[in-house]
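# Structure at a glance
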2 protein chains.
Amino acid sequence: MITSTSNQQIKKIIQLAKKGKVRREEDVFLVEGLRMYQEAPQEKIVKTYVSESFWKREQKRFQDKEIEIVEDRIFQNASDTITPQGILSIVRQYHYQMEEFWKKENPFFLVLENIQDPGNMGTIFRTAEGAGVDGIFLSKDCVDIYNPKVIRSTMGSIYRMPFLYTDCVTDLVTQLQNKKVRVFAAHLKGEKNYDQENYLSGTAFLIGNEGNGLTEELAQKADCYIKIPMAGKVESLNAAVAASILMYEVSRQRRGRREI
Amino acid sequence: MITSTSNQQIKKIIQLAKKGKVRREEDVFLVEGLRMYQEAPQEKIVKTYVSESFWKREQKRFQDKEIEIVEDRIFQNASDTITPQGILSIVRQYHYQMEEFWKKENPFFLVLENIQDPGNMGTIFRTAEGAGVDGIFLSKDCVDIYNPKVIRSTMGSIYRMPFLYTDCVTDLVTQLQNKKVRVFAAHLKGEKNYDQENYLSGTAFLIGNEGNGLTEELAQKADCYIKIPMAGKVESLNAAVAASILMYEVSRQRRGRREI
């Protein structure tokens, strides 16, 4: 049992929670909570730590699994949450290749540019899985997907949603277009409402930064501008909400193979 | 100019940021940032405070407006944000009456039960205004709408969206039903997808707690269970996202007066 905050493993966990650089170097990330442990692919789990009291309650779960027990006080210290459940795992990072995004005909993608809020990022992943998105491309300046707050907000979708950080999202859009994916941007210049376009063939949405929207450079690459109509004095929606409304319109059309 | 943290007004601001009880007693709330100041109804503003440097940059805005200047260091201390813009106002609370919810034929309402996350709450208000919601009812155990984090996430919708805390949401639902509002709940028992119902007549959605969903007691009161279909292994969506998808389906149907 680990009983000291100066234990090297505990120090490493705290670093992994705080520093993207350490996560990259070690090629791992942290997940917390029983659900995130249970949903993790077994072969991806490097090591699991449980608090002493969690162990006492739940040890049946871990028969013939190698886990490390940590004194409650030390676990609390290492945890990123205020009221930790008492279980955290170190999990190997994902390295998707471009080919993995092309498994399906008429694919459905998101391209995220400079999304900064961890909650938004995680929520977009979660909703994307629910809406049937095939993959997510991220600009280099997006928040680190392995940030513990992002991971928590994905509610497990991190394990299942293919994603790729791209050096240049405008080049990526060209690639998508070459493969006959139609690229849409929610934009002030949009004339048609988002539900007046057809998303049955290959579709990608460009989603921009929370405060500033898309860069003009990226927005210009879109094949089509759309708008989400807003009543009242609302000028924009939360980025995750806007993305979700668009994604579920695609899902709605594709579910019934419905024309609009 | 206020130059001391022991200034009574600064102490009051800090209390107003932290304590719902103090906000209720004084019948006011705090708003931060230029946009929130500009959108606030003038007659609702009790007092506005600006940092010294904000004043130097922006004083033209405040000709013949009574404002209090606060030394930068003290303002930073009183602000709820890490990088304050340098302007905050004390604004009078809203007291909507039930009658104000019935201005329109075929109204569109939300009923929120035990929503706890300030960001979700504010985002729901913001999206609701955009989607044309006529009013929001809240159970007593929802997060305080005047919590600074909620206010910030509303992006100004707090000034425009009628809302009412209700002692008993199940009784409220009966009231809505008596007025011919059809009450929908997203629920595991839902058979039809949310986009297979018609929302052109009076419509209300019940939105439940982030972790636990709706209480069985409230869910049972619904006229109709619906579901948001989810691909992959997603079991639920973020509460604000789920609410937004439902709201924008109503908006979509009503925009075109389209049958589904």
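Rules used in this analysis
- Residues numbered from 1 in each chain as written.
- Chains lettered and ligands numbered in written order.
- Predicted model: local features only at pLDDT ≥ 70, side-chain atom pairs only at ≥ 80, totals over all residues.
- Helix = DSSP H or I, 4+ residues; strand = E, 2+ residues; numbered from the N terminus.
- Buried ≥ 20, exposed ≤ 12 C-beta atoms within 10 Å, placed from the backbone.
- Contact = placed C-beta atoms within 7 Å.
- Nonpolar A, V, L, I, M, F, W, Y, C, P; charged D, E, K, R; others polar.
- Least-squares fit on C-alpha atoms with pLDDT ≥ 70 in both.
- Axes fitted to C-alpha atoms, helices over the stretch in contact; angles between N-to-C directions.
- Parallel < 35°, antiparallel > 145°, perpendicular 65-115°, else oblique.
- Left-handed = near helix turned anticlockwise from the far one by under 90°.
- Pairing = 2+ DSSP bridges.
- Arc of directions from axis to C-beta.

Bringing the overall build of chain A into the picture now. Per the secondary structure count, chain A includes 10 helices and 11 strands. Principal-axis analysis of the C-alpha atoms gives chain A an extent of 60 × 35 × 35 Å. Each of the 260 residues in chain A was classed as buried or not, and the buried ones make up 44%. Look at the contacts in chain A between residues 6 or more apart in sequence, and 78% of them connect residues 24 or more apart.

For the rest of this paragraph, the subject is the interface of chain A and chain B. On the side of chain B, 27 residues touch chain A, which itself brings 28 residues to the contact. Put simply, the parts of the chain that give the side of chain A that touches chain B at least two residues each are α6 (118-131) and α10 (239-255) of chain A. Considering every element that reaches the side of chain A that touches chain B, the biggest residue donor is α10 of chain A, with eight residues. Residue classes in the side of chain A that touches chain B are distributed as 10 nonpolar, 11 polar and seven charged.

This part takes up unusual backbone geometry. All names here are of chain A. Unusually for a residue other than glycine, Asp 27 sits at a positive phi of about 60°. The phi torsion at Asn 114 lies on the positive side, around 55°, for a residue other than glycine. Locating Asn 114 in the fold gives a position in the loop between β5 (108-112) and α6.

For the rest of this paragraph, the subject is the relation of the copies chain A and chain B. The operation relating chain A to chain B is a screw motion whose rotation component is 180°, with 0.0 Å of axial translation and a residual RMSD of 0.0 Å. The symmetry that links the two subunits is that of a two-fold axis. Both copies contact each other with a shared surface, as 96% of the interface residues of chain A are interface residues in chain B too.

Between α10 of chain A and helix α10 (residues 239-255) of chain B, the shortest axis-to-axis distance is 9 Å and the interhelical angle comes to 55°. Relative to α10 of chain B, the element α10 of chain A lies oblique. Where α10 of chain A crosses over α10 of chain B, the two elements pack in a sense that is right-handed. For the pair formed by α10 of chain A and α10 of chain B, the contact residues are Ala 240, Val 241, Ser 244, Ile 245 and Tyr 248 of chain A on the first element and Ala 240, Val 241, Ser 244, Ile 245 and Tyr 248 of chain B on the second. Split by residue class, the contact of α10 of chain A with α10 of chain B holds eight nonpolar, two polar and no charged.

The next thing to look at is the sheet that holds strand β1 (residues 28-32) of chain A. Residue and element names in this part refer to chain A. One open sheet holds the four strands; their spatial order is β1-β4-β2-β3, and the pairing between them is mixed. In this open sheet, the two edge strands, each paired with only one partner strand, are β1 and β3 (67-70). Each strand axis lies, on average, 20° off the axis of its neighbour in the sheet, ignoring direction. Where β1 meets strand β4 (residues 87-92), five bridges bridge the pair, whose relative direction is antiparallel.

Residues and elements named next belong to chain A. Along helix α1 (residues 8-18), the residues classified as buried are Ile 10, Ile 13 and Leu 16. Looking straight down α1, one finds that the buried residues subtend no more than 120° of arc, so they occupy a single side. Opposite its buried face, α1 presents the exposed residues Gln 8 and Lys 11, each directed more than 90 degrees away. Along its buried surface, α1 packs onto α2 (20-26), β1, α5 (72-78) and β4.

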